[in-house]
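Spelled out from the first residue to the last, the chains are:
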Amino acid sequence: MREVCVRGCSIGTGMPKICVPIVARTMREIFSQARATNNKTFDIVEWRVDWFEEFTNPDTVRRAARVLRGILGETPILFTFRTKKEGGEADIDPAYYMELNHIVASEHLVDLIDVELFAGDDVVRQIIADAHAVDVPVVVSSHDFEKTPPHDELVARLRRAEELGGDILKTAVMPHNSRDVLDLLCATEEVSRTSERPVVTMSMGELGMISRLSGEVFGSAMTFGTVGYASAPGQIGIEPLREVLELLHHK
Ligand SMILES: O=C1C[C@@](O)(C(=O)O)C[C@@H](O)[C@@H]1O
């Protein structure tokens with residue numbers, strides 16, 4: 001399916017969906033960042049749990065997820081633990097990575113989960129199997145905060161995410177020149193045209209900002225925008241983001 005639907009939000013059709021990251025260290029910050037999104041127009045919230053200083057306690061994670069749900073209502077929640085080597089704030093033991101994802105998916109505390117492609121095939125397969133058993137779709141993601149790998153490598157990573165069973169295929173990379181941005185856009189166009197799954201890509205930093213705006217043209221189904229707090233370089237506020245997405249929207 002080229003479309004993934006969560007709480008009525010279709011990822012893979014129409015305008016790219018806007019996802020707002022929550023990058024909070026404490027319960028209080030989770031509360032205030034979530035509240036700040038109320039009355040704003042966007043589609044999905046990504047809870048970047050690697051920022052949460054109590055992520056090692058599953059009960060606190062459960063409690064925080066319930067707080068989020070209480071504030072966000074029907075807004076879909078994407079649960080993401082981003083490890084340091086992929087640009088995140090913390091590292092996690094693979095067994096606990098699997099356990100945490102299993103808890104939030106099987107208890108339906110969130111609507112989508114993110115698993116890192118480079119966590120290793122066995123870990124990725126297990127997390128996907130657990131999530132699919134309870135009908136929770138999985139984003140399989142990869143990141144390079146240093147550079148943009150060559151076109152063929154970008155395509156290979158997205159295809160591998162699909163082979164492993166990912167429902168959404170995602171990659172974020174850092175450009176050093178405009179050619180790198182074009183490579184990312186080319187790979188996005190190619191995979192989105194030929195794969196069975198929605199693709200989400202971004203070229204980071206200021207140079208790559210165009211890729212966060214042009215998803216509908218080149219085949220990226222979701223884009224990350226901020227309500228005050230960015231989780232990666234090059235993200236812009238959701239209001240200007242939405243204006244440009246609407247401008248570029250075609251039926
Ligand atoms: O993987 C991604 C994409 C991202 O790195 C970006 O560049 O917008 C932001 C992260 O929060 C998210 O998990």
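Conventions adopted
Residues numbered from 1 in each chain as written. Predicted model: local features only at pLDDT ≥ 70, side-chain atom pairs only at ≥ 80, totals over all residues. Buried ≥ 20, exposed ≤ 12 C-beta atoms within 10 Å, placed from the backbone. Helix = DSSP H or I, 4+ residues; strand = E, 2+ residues; numbered from the N terminus. Arc of directions from axis to C-beta. Contact = placed C-beta atoms within 7 Å. UniProt positions renumbered as here; feature names shortened; annotations may be inferred.

Caption draft 1: Structural context of helix 1 (residues 27-37). Listed in full, the buried residues belonging to helix 1 are Ile 30, Gln 33 and Ala 34. Buried residues of helix 1, seen end-on, are gathered within an arc of 100° and therefore sit on one face of the element. What points out from helix 1, more than 90 degrees from its buried face, is the exposed set Arg 28 and Arg 35. Those residues of helix 1 that are buried are in contact with strand 3 (17-22) and helix 2 (58-72). Looking one or two residues beyond helix 1, the residue adopting positive phi is Asn 39, at roughly 70°.

Caption draft 2: Region of interest: the UniProt feature "active site" (unreviewed entry) in the chain. Mapped onto the present numbering, the UniProt feature "active site" (unreviewed entry) falls at His 143 and Lys 170. The greatest C-alpha distance among the residues just named is 8.6 Å, despite their covering 28 residues of sequence, which places them together in space. Mapped onto the elements of the fold, His 143 is located in strand 7 (residues 138-144). Take His 143: there are 23 C-beta atoms within 10 Å of it, and that puts it in the buried class. Excluding anything up to four places from it in sequence, His 143 contacts Glu 86, Gly 87 and Ala 172. Checked against the element boundaries, Lys 170 lands in strand 8 (residues 168-173). In this structure Lys 170 touches Val 139, Val 140, Ser 141, Val 200 and Thr 201, once residues within four positions along its chain are discounted.

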